[in-house]
Amino acid sequence: MSTAVNSFSKGLDVVSKHPIILVPALAPIILSIIFMLVAYVTTPVTPFGFRLYTAYTSLLLLGSFITGIVAFIAWCIVVDMAHDALTSRPVDLSKSFNAIKPRLGPLLVIAII
């Protein structure tokens, strides 16, 4: 078996044994859906039924920026949880968040860059 196939099978084994690893990945998805719904609902409608998409676009741009930062932090938590699972330590969401909390400043700068 090649190294790439071995890596994928190892990853699937870890996720199947510890599905909580994927929970932080849901945060950016939910946040993105919320921003899309808020942008659609708050977009003004003209008398002819057309929507003015300039407000819609700027709110989505802001939402995608915030979602990108949250996604970067969420994937850092996923990496820490996967490391715990691969080293046979207990997988804990709050422990992984506390592990990256002191590094949030540099992580936010990296996420913005």
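All values derive from a computational prediction rather than experimental measurement.

Points about the nonpolar core
So, step 1. Formed by Val 14, Ile 21, Ile 69, Ile 73, Cys 76, Ile 77, Val 78, Met 81, Ala 85, Val 91, Ile 100 and Leu 107, the largest nonpolar core amounts to 12 residues.
So, step 2. Beyond its immediate sequence surroundings of up to four residues, Met 81 is in contact with Ile 20, Ile 21, Pro 24, Val 91, Asp 92, Leu 93 and Ser 96.

Concerning the pattern of salt bridges
So, step 1. Under the definition given, this model contains three salt bridges.
So, step 2. The partner of Lys 95 in a salt bridge is Asp 80, with the nearest N and O atoms 3.5 Å apart. Of the two residues, Lys 95 is situated in helix α4 (residues 93-100) and Asp 80 in helix α3 (residues 53-86); the sequence distance between them amounts to 15 residues.
So, step 3. For Asp 80, a relative accessible area of 17% corresponds to the buried category.
So, step 4. Here Asp 84 ties to Arg 89 by a salt bridge, and the two come within 3.6 Å at their closest N and O atoms.
So, step 5. Look at Arg 89 and you get partly exposed, because its relative accessible area is 41%.

Concerning a nonpolar patch on the surface
So, step 1. Together, Leu 26, Ile 29, Ile 30, Ile 33, Ile 34, Met 36, Leu 37 and Val 38 make up a nonpolar patch on the protein surface, roughly 710 Å² of accessible area in all.
So, step 2. For Ile 30, the position within the fold is in helix α2 (residues 26-42).

Quick word on the side chain of Asp 84
So, step 1. Structurally, Asp 84 is set in helix α3.
So, step 2. Residue class for Asp 84 comes out buried when judged on its relative accessible area of 1%.
So, step 3. Non-local contacts of Asp 84, meaning those with residues more than four positions away in its chain, are made with Arg 89, Pro 90, Lys 95 and Ser 96.

Criteria and thresholds
- Residues numbered from 1 in each chain as written.
- Predicted model: local features only at pLDDT ≥ 70, side-chain atom pairs only at ≥ 80, totals over all residues.
- Heavy atoms only, no water.
- Core = buried A, V, L, I, M, F, W, Y, C linked by side-chain atoms within 4.5 Å.
- Buried < 20%, exposed > 50% of the residue type's maximum accessible area, 1.4 Å probe, protein only.
- Contact = heavy atoms within 4.5 Å.
- Salt bridge = Lys/Arg side-chain N within 4 Å of Asp/Glu carboxyl O.
- Helix = DSSP H or I, 4+ residues; strand = E, 2+ residues; numbered from the N terminus.
- Patch = residues over 30% accessible without salt bridge, like charges linked within 9 Å, V, L, I, M, F, W, Y side chains within 5 Å.
- Areas by Shrake-Rupley, 256 points an atom, 1.4 Å probe, with all protein chains shown as cover.

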